[in-house]
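Each chain, letter by letter, is given below.
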Amino acid sequence: MTVKKIGLFRNDVFRWRIEQYKKSLINFWDDLKRRKSALFALVSILVLVVISIFPQFFAPNDPTQRVGASWEPPSSAHLLGTDDVGRDVLSQLIYGTRISMLIGFLSASIALIIGMIVGVVSGFYGGIIGDLLMRITDFFLIIPNFPLMVVLAYTLKPSLETLSLAIAIGIWTQPARVLYAEVLSLRERPYILRAKVLGVSNLKILLRYIIPRAMPIAFAMAIINMGWAIPSEAFLSWIGLSDPTQISWGSMLYYAFMRGSFICGAWWHFIPPGILIMLTVVAFMILGQAAQEITNPKLKHRGFYAL
Amino acid sequence: MIKAFIMIILGAVFSFILFRILPGDPAKALTGDPRLPLETKKVVFKMFGLDRPLHEQLFIFICNLLTGNLGISFQYKLPVSQILMEKLTNTLILLIPATVLSMLLGIFMGLIAGLFNGKLIDKIITSIATLFWSTPSFWGGMVAITIFAINMRLFPPGGMLSFYGASPSLSNIGDLLWHLFLPMLTYGIIFSGQYTLILRNSLVEVLTEDFIKMAKAKGHTDFEVVMKYALRNASLGLVSMIGINVGYILLGSITIESVFNWPGIGRLLYDAVFYNDYPLLQGIFILFIIVMVASMLVVDILYSYLDPRVRIK
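Residues numbered from 1 in each chain as written. Chains lettered and ligands numbered in written order. Predicted model: local features only at pLDDT ≥ 70, side-chain atom pairs only at ≥ 80, totals over all residues.

### Here's the deal with the overall build of chain A
Moving on, step 1. Looking only at helices and strands, one finds 12 helices and zero strands in chain A.
Moving on, step 2. Overall, chain A shows an N-to-C arrangement of helices and strands of α-α-α-α-α-α-α-α-α-α-α-α.
Moving on, step 3. When the backbone C-alpha atoms are referred to their principal axes, chain A occupies close to 80 × 40 × 40 Å.
Moving on, step 4. Put simply, chain A has 307 residues, and 47% of those count as buried.
Moving on, step 5. Long-range pairs, those at least 24 residues apart, make up 68% of the contacts in chain A between residues at least 6 apart in sequence. (Helix = DSSP H or I, 4+ residues; strand = E, 2+ residues; numbered from the N terminus. Buried ≥ 20, exposed ≤ 12 C-beta atoms within 10 Å, placed from the backbone. Contact = placed C-beta atoms within 7 Å.)

### Re the overall build of chain B
Moving on, step 1. Within chain B, the secondary structure is distributed over 14 helices and zero strands.
Moving on, step 2. Ordered by position in the sequence, the α and β elements of chain B form the string α-α-α-α-α-α-α-α-α-α-α-α-α-α.
Moving on, step 3. Summarising its shape, the C-alpha atoms of chain B cover approximately 85 × 55 × 35 Å along the three principal directions.
Moving on, step 4. Relative to its full complement of 313 residues, chain B shows a buried share of 37%.
Moving on, step 5. Relative to all contacts within chain B whose residues are 6 or more apart in sequence, the contacts with residues 24 or more apart total 69%.

### Side note on unusual backbone geometry
All names here are of chain B.
Moving on, step 1. The phi torsion at Arg-153 lies on the positive side, around 55°, for a residue other than glycine.
Moving on, step 2. Mapped onto the elements, Arg-153 comes out in the loop between α7 (137-151) and α8 (173-207).
Moving on, step 3. When the 9 C-beta atoms within 10 Å are taken as the criterion, Arg-153 is described as exposed.
Moving on, step 4. Located in the positive-phi region is Asn-261, a residue other than glycine, with phi close to 55°.
Moving on, step 5. With respect to the helices and strands, Asn-261 occurs in the loop between α11 (246-259) and α12 (265-274).

### Considerations on helix α5 (residues 127-142) of chain A
Moving on, step 1. The terminal C-alpha atoms of α5 of chain A lie 23 Å apart, and with 16 residues this matches the ideal 22 Å at 1.5 Å per residue to within 8%.
Moving on, step 2. Along α5 of chain A, the residues that are buried comprise Leu-133, Thr-137 and Ile-142 of chain A. (Expected span 1.5 Å × (residues − 1).)

### Focus on the interface of chain A and chain B
Moving on, step 1. In this complex, chain A contributes 38 residues to the contact, which on the side of chain B involves 44 residues.
Moving on, step 2. Within the residue set of the side of chain A that touches chain B, elements represented by two or more residues are α5, α6 (145-155), α10 (202-239), α11 (249-258) and α12 (267-295) of chain A.
Moving on, step 3. The dominant element in the side of chain A that touches chain B, judged by the number of residues it contributes, is α12 of chain A, at nine residues.
Moving on, step 4. For the side of chain A that touches chain B, a count of residues per class yields 29 nonpolar, seven polar and two charged. (Nonpolar A, V, L, I, M, F, W, Y, C, P; charged D, E, K, R; others polar.)

### Some details on the confidence of the model for chain B
Low pLDDT marks stretches whose predicted atomic positions should not be read closely.
Moving on, step 1. Looking at chain B as a whole, the pLDDT averages 83, with 92% of positions reaching at least 70.
Moving on, step 2. At the level of chain-chain contacts, confidence expressed as ipTM amounts to 0.85, with global pTM at 0.87. (pLDDT = per-residue confidence, 0-100.)

### Observations concerning the nonpolar core
Moving on, step 1. If you look at the biggest cluster of nonpolar residues, it comprises 155 residues, and the most contacted ones within it are Val-150, Leu-179 and Leu-253 of chain A together with Leu-269, Leu-281 and Ile-284 of chain B.
Moving on, step 2. In terms of residue count, the dominant contributor to this core is α10 of chain A (18 residues).
Moving on, step 3. If sequence neighbours within four positions are ignored, Leu-281 of chain B has contacts with Val-151 and Tyr-154 of chain A together with Leu-269, Ala-272 and Val-273 of chain B. (Core = buried A, V, L, I, M, F, W, Y, C linked by C-beta atoms within 7 Å.)

### A short note on the packing of helix α5 (residues 80-115) of chain B against helix α13 (residues 278-306) of chain B
When two helices pack together, their arrangement is given by the angle between the helix axes and by the axis-to-axis distance.
Residue and element names in this part refer to chain B.
Moving on, step 1. Interaxial distance between α5 and α13 falls to 10 Å at its minimum, and their mutual angle equals 55°. Taken together, the axes of α5 and α13 are oblique relative to one another. Of the two possible hands of crossing, α5 and α13 adopt the one that is right-handed. Residue-level inspection shows Val-80, Ser-81, Ile-83 and Leu-84 of α5 in contact with α13, the latter providing Pro-279, Leu-280, Gly-283 and Leu-287. (Axes fitted to C-alpha atoms, helices over the stretch in contact; angles between N-to-C directions. Parallel < 35°, antiparallel > 145°, perpendicular 65-115°, else oblique. Left-handed = near helix turned anticlockwise from the far one by under 90°.)

### A short note on α11 of chain A
All names here are of chain A.
Moving on, step 1. The element α11 is largely enclosed, with a buried count of nine among its 10 residues.
Moving on, step 2. Listing the buried residues of α11 in full gives Trp-249, Gly-250, Ser-251, Met-252, Leu-253, Tyr-254, Tyr-255, Ala-256 and Phe-257.
Moving on, step 3. Backbone geometry just after α11 places Gly-260 at a positive phi near 90°.

### What to know about the confidence of the model for chain A
Residues and elements named next belong to chain A.
Moving on, step 1. Put simply, chain A has an average pLDDT of 85, and 93% of its residues get 70 or more.
Moving on, step 2. Counted against residues more than four places away or in other chains, residues 1-5, with its pLDDT under 50, gives zero contacts.
Moving on, step 3. Per-residue pLDDT stays below 50 along residues 300-307; that stretch engages in 18 contacts with residues further than four places along the chain or on separate chains.

### A closer look at the environment of Pro-168 of chain B
Residue and element names in this part refer to chain B.
Moving on, step 1. Here Pro-168 lies in the loop between α7 and α8.
Moving on, step 2. In the structure, Pro-168 is positioned 78 residues away from Asn-90 in sequence and 8.5 Å away in space, judged by C-alpha atoms.
Moving on, step 3. Those residues within four positions of Pro-168 in sequence are excluded, and the remaining contacts are Ile-93, Met-160, Leu-161 and Leu-176.

### Here's the deal with the packing of α5 of chain B against helix α6 (residues 120-134) of chain B
Residues and elements named next belong to chain B.
Moving on, step 1. At their nearest, the axes of α5 and α6 sit 8 Å apart, and the two run at 140° to each other. As α5 runs across α6, the sense of the crossing is left-handed. For the pair α5 and α6, contact is made by Met-109, Ile-112 and Ala-113 and by Ile-121, Asp-122, Ile-125, Thr-126 and Ala-129, respectively.
Moving on, step 2. Residue composition of the contact of α5 with α6, by class: six nonpolar, one polar and one charged.

### Points about the environment of Gly-260 of chain A
All names here are of chain A.
Moving on, step 1. If you trace the backbone, Gly-260 turns up in the loop between α11 and α12.
Moving on, step 2. What makes Gly-260 partly exposed here is the crowd of 15 C-beta atoms within 10 Å.
Moving on, step 3. Distance in space between the C-alpha atoms of Gly-260 and Asp-84 is 7.6 Å, their sequence separation being 176 residues.

In structure tokens form, the structure reads like this:
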């Protein structure tokens, strides 16, 4: 009898949680609809995601094949001209979206996971381990993050995964600190204390009450992290630390810089990727900003808080 | 001070770990050639002290660091600390005016945007600042060179002086300024974006507070209110942001110097990656950590000057 009751109870909590998520998603959407710029940013990001999943439907040519002479200026055959070995720039740009977005997504996720573990453990459990983790976070704030990324990407040998890891290690401190503050304030809420008094174990409180509550803020941080990760990828690739066989916006800039497109005035090779990086970052920042304002109203008017 | 010192030592240990223990080991890079006989490898290992246990190596490394010995660059065959000292002046020649320019621009634009909060001019300035903020600085440099150096031929496309290898002195200061102008302007404009946004947002926040109403009630004009009361409070946010963002300023030094071929620390880092120069990269990394820690100290002091509440503590 009792077993059945507990089972029912769990199911109810689960269903209730799903309801709550649905509600908060609908609320989020309602809030977002009122922000024109955020909506626009969301649409452009979705377009980029679609392009990066199905580049073959959009690209006119194979980005790795020679389809014309070197440095052909933009024409009707090649809308953005060709690069130094005669590859179509537009196709490279479209295929490059995939790697840039993928690295951005991977590193933002890794950074979020590290930040979440550090923030939740040190915010909820505190104690020696929590203190130590926060000290480590402070230490990583002191280490200049872009040189750190360079050193990591350099020592780890270039590939998609190591580049993502290097970027993630460069940017994880911000989500860690934000989530730490959030968990710290959640921990003192009356309903958490009540659960503790009722004898619910710490782990259960963490999984049932704290982490679901901190999820929206983590989500906003993830979007902002993407806005950091994409230019970081471009920077590292431009220095020459990416996998040379993979086309990304950053590596296009690298080739334009190294192989003379830049110095002989072939602007169509390096202007478009730069503009795309710029606009993508703006889109992620506006969306992340909106998400942060909606999920964490305390931070209103703080502007580009997560710089 | 002691805390700062401990931070630097910890940073050095961290970079030791990064460079020695991660898969890309310089010792392996040095002796990785399979044709190298085992005896030679052993001799090389002994020469560089790599046969000793790690903790002993770490100890030697820290001792060397304290005496300013950062090893010998593979590429230049000179002591790393000597190269760093040479290039540091060049970096400061570029970075100080450029940072000052970016901050002045940022403060100016942020002030206007904050004053006209919500009006059209605020929206224009914020969007421009957002665009600047998200421009990759190396790309901005490439665009600037294409327009002003290659097409219009107004400024040199790169370098610090017309004669390669010349060192800056009073006699060629005109030449230096001519080379300095474009990188400084590019840096100043691109990096002003973040200062604009930070100052604007903290100004908007401060202007809603009670003491501003009080100042207005006292009969100060709007201009006086902003200059005397709001700006000082808003600059707190700016100063603490700069402390955190020294890493960002260093990024600017890397990208702008690399694009404009400015012979400074940033360009050195770019070259160190290009030529696989392990000791040099490590030296630059440690130098950057020292700069970060030092600037944190400076920010703390500035903060206590601007905010009397901190001083009392």
